[in-house]
Amino acid sequence: MAESGSVPHEIRPLSTPQTLNWTRNELAHWLVALVSKNENVVIGIDHCFSFPKSYMERYKIGTWNVFLEDFQSNWPTDTPEATVEFLRANNSRTGNPGEFRLCERWTSSAKSVFQFDVQGSVAKSSHAGIAWLHYIRRQAGQKIHFWPFDGWQVPDGKSLITEVYPSIFRKRYPKECPTSDQQDAYSVARWLEETSRRGLLERYLQPPLTQEEQDIANIEGWILGVT
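Residues numbered from 1 in each chain as written. Predicted model: local features only at pLDDT ≥ 70, side-chain atom pairs only at ≥ 80, totals over all residues. Heavy atoms only, no water.

Novice: Help me understand the overall build of the protein chain, please; the structure alone is not making it clear to me.
Specialist: For the protein chain, the helix and strand inventory stands at 9 helices and 3 strands. Written out in order from the N terminus, the α and β elements of the protein chain read α-β-α-α-α-α-α-β-β-α-α-α. For a compact globule of 227 residues, the expected C-alpha radius of gyration is about 17 Å, and the protein chain comes in at 17 Å, within 12% of that figure. For the C-alpha atoms alone, the extent of the protein chain along its principal axes is close to 45 × 45 × 35 Å. Counting only residues that meet the buried cut, the protein chain has 45% of its 227 residues in that class. (Helix = DSSP H or I, 4+ residues; strand = E, 2+ residues; numbered from the N terminus. Rg over C-alpha atoms; globule rule 2.2 N^0.38 Å. Buried < 20%, exposed > 50% of the residue type's maximum accessible area, 1.4 Å probe, protein only.)

Novice: In this structure, what is going on with the sheet that holds strand β3 (residues 159–163)? I would like to understand it.
Specialist: Within a sheet, neighbouring strands are paired by backbone hydrogen bonds and run either parallel or antiparallel to one another. Taking strand neighbours across the sheet as the criterion, the 3 strands line up as β1-β3-β2 in an open arrangement whose pairing is parallel. Because the sheet does not close on itself, it has two edges, and the strands there are β1 (42–45) and β2 (144–146). Here the average twist between neighbouring strands, direction ignored, is 20°. Bridging between β1 and β3 involves 4 bridges; their strand directions are parallel. Paired with I45 across the strands is E163, a residue of β3. (Pairing = 2+ DSSP bridges. Axes fitted to C-alpha atoms, helices over the stretch in contact; angles between N-to-C directions.)

Novice: I tried to follow the packing of helix α3 (residues 64–74) against helix α6 (residues 123–140) on my own but got confused; where do I start?
Specialist: Each packed pair of helices is defined by two parameters, the angle between the axes and the distance between the axes. Here α3 crosses α6 at 120°, and the two axes come no closer than 9 Å. Here α6 runs oblique to α3, going by the angle between their axes. Where α3 crosses over α6, the handedness of that crossing is left-handed. Along its contact with α3, which presents W64, N65, F67, L68, E69, F71 and Q72, the element α6 presents S126, H127, I130, A131, L133, H134 and R137. A breakdown of the residues in the contact of α3 with α6 according to their chemical character gives 7 nonpolar, 5 polar and 2 charged. (Parallel < 35°, antiparallel > 145°, perpendicular 65-115°, else oblique. Left-handed = near helix turned anticlockwise from the far one by under 90°. Contact = heavy atoms within 4.5 Å. Nonpolar A, V, L, I, M, F, W, Y, C, P; charged D, E, K, R; others polar.)

Novice: Could you clarify how one ought to interpret the packing of helix α1 (residues 24–35) against α6 in this entry?
Specialist: Axis separation between α1 and α6 bottoms out at 10 Å; the angle between their running directions is 30°. It follows from the interaxial angle that α1 and α6 lie roughly parallel. Classified by chirality, the crossing of α6 by α1 is right-handed. Contact residues: α1 offers R24, N25, A28, H29, L31, V32 and V35, while α6 offers S125, A128, G129, W132, Y135, I136, Q139 and A140. A class-by-class count of the residues in the contact of α1 with α6 yields 9 nonpolar, 5 polar and 1 charged.

Novice: Mind showing me how you'd approach the environment of P148 here?
Specialist: Within the secondary structure, P148 sits in the loop between β2 and β3. Looking at P148, the relative accessible area reads 1%, which means it is buried. In the structure, P148 is positioned 84 residues away from W64 in sequence and 10 Å away in space, judged by C-alpha atoms. Dropping the residues within four chain positions of it, P148 is found in contact with A217, N218, G221 and W222.

Novice: Any chance you could explain α1 here in plain terms?
Specialist: Residue pairs spaced three or four apart in an α-helix point in one direction, given the helix's 3.6 residues per turn. In this model α1 runs 17 Å from its N-terminal to its C-terminal C-alpha over 12 residues, within 8% of the 16 Å that 1.5 Å per residue would give. Buried residues of α1: A28, L31, V32, L34 and V35, and no others. Projected onto a plane normal to the axis of α1, the buried residues spread over an arc of 160° and lie on a single side. Where the residues of α1 are buried, they touch β1, α6, β2 and β3. (Expected span 1.5 Å × (residues − 1). Arc of directions from axis to C-beta.)

Novice: When you look at the packing of aromatic side chains in this model, what are you seeing that I'm missing?
Specialist: Think of a pair of aromatic rings as described by two things: how far the centres are apart, and how the planes are tilted against each other in angle. Using the criterion set out here, one finds 17 aromatic pairs in the structure. Pairing W64 with F149 gives two aromatic rings, centres 3.9 Å apart and planes at 10°, and the pair type is stacked. A residue pair is termed long-range when its members are at least 10 positions apart, and W64 in helix α3 and F149 in the loop between β2 and β3 qualify at 85 residues. Here W64 falls in the buried class, since its relative accessible area comes to 4%. Aromatic side chains W147 and W152 sit 5.4 Å apart centroid to centroid with 90° between the ring planes, which places their arrangement in the edge-to-face category. A relative accessible area of 0% places W147 in the buried class. Clustering of aromatic rings is evident, with ring pairs tying together F51, Y55, Y59, F67, F71, W75 and F114. The side chain of R88 reaches across the aromatic face of F116, ending 4.1 Å from its centre. (Phe/Tyr/Trp six-rings, centres within 6.5 Å; stacked < 30°, edge-to-face > 60°. Lys NZ or Arg CZ within 6 Å of the ring centre and 35° of its normal.)

Remember that the coordinates give geometry; whether it matters functionally is a separate question.
So, in C-alpha cells, the structure goes:
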C-alpha cells in the first residue's frame, strides 16, 4: 500500500502478521472494509478479471455481471477448502490456451487465462480470484467501481479496482524487496500512487480503442497501463 506522497509499505495479514501470505478470503474482507471507510482508494489486482469473448459466445454470456454469477456457480473457488486443481480435474467449463482477450494480444508476454502449468501463468490465480471479485462486488455495493466493466470513467466518490500486469512497471523501479512477488506488489503500488498524485491516471483509464474494441473490452476487461 502507498499513501499519497509516500513510498509503498507492506501490509501483513491481520490474523497472522508474522507470515507473508494472505488468504484470498482475508484479502477480500480487508478490501471491503477498506473501501467502506469512505476513503477513495485505487486497487490493482494481478490476475484476469474476465475471460475472452470467444468463451462468452460459447456459453451465451452477455455481460460481466452474468459472467461473475456463471463463474462462481461453475468455479466456486470462494468456498471453504475448494481448490483450483480439484475443480479443474472435474470441470469441463473452460477454454483452450489459444484463446486470448484483446488486451492480452496488445501485450508482448501476457498469457491466456486458460494456459495452466507454465512459468508466468495467470490461469490458476485468475480461476482462484475471480469468485472473490464477485464477493467484493456484492459486499462493496456502490462504494467501488470495477474498471472498465462499470464504465471507462470513474465517478467521484468511488474507489477504483482494476486489473494490473506488474511486468509493465517492474523495471521502472530499483529492487526494494526480497522476493519477486513482493517487488511486483511494490512496483504496482508505487506506479499507482505516482500516477494518481500527478493527475495522470485518467489518461490510462481511456486507452485508444475503437468503438468495436471498446465493446469487446466491456465484457473481457482491460489491463490498466496497456495502451
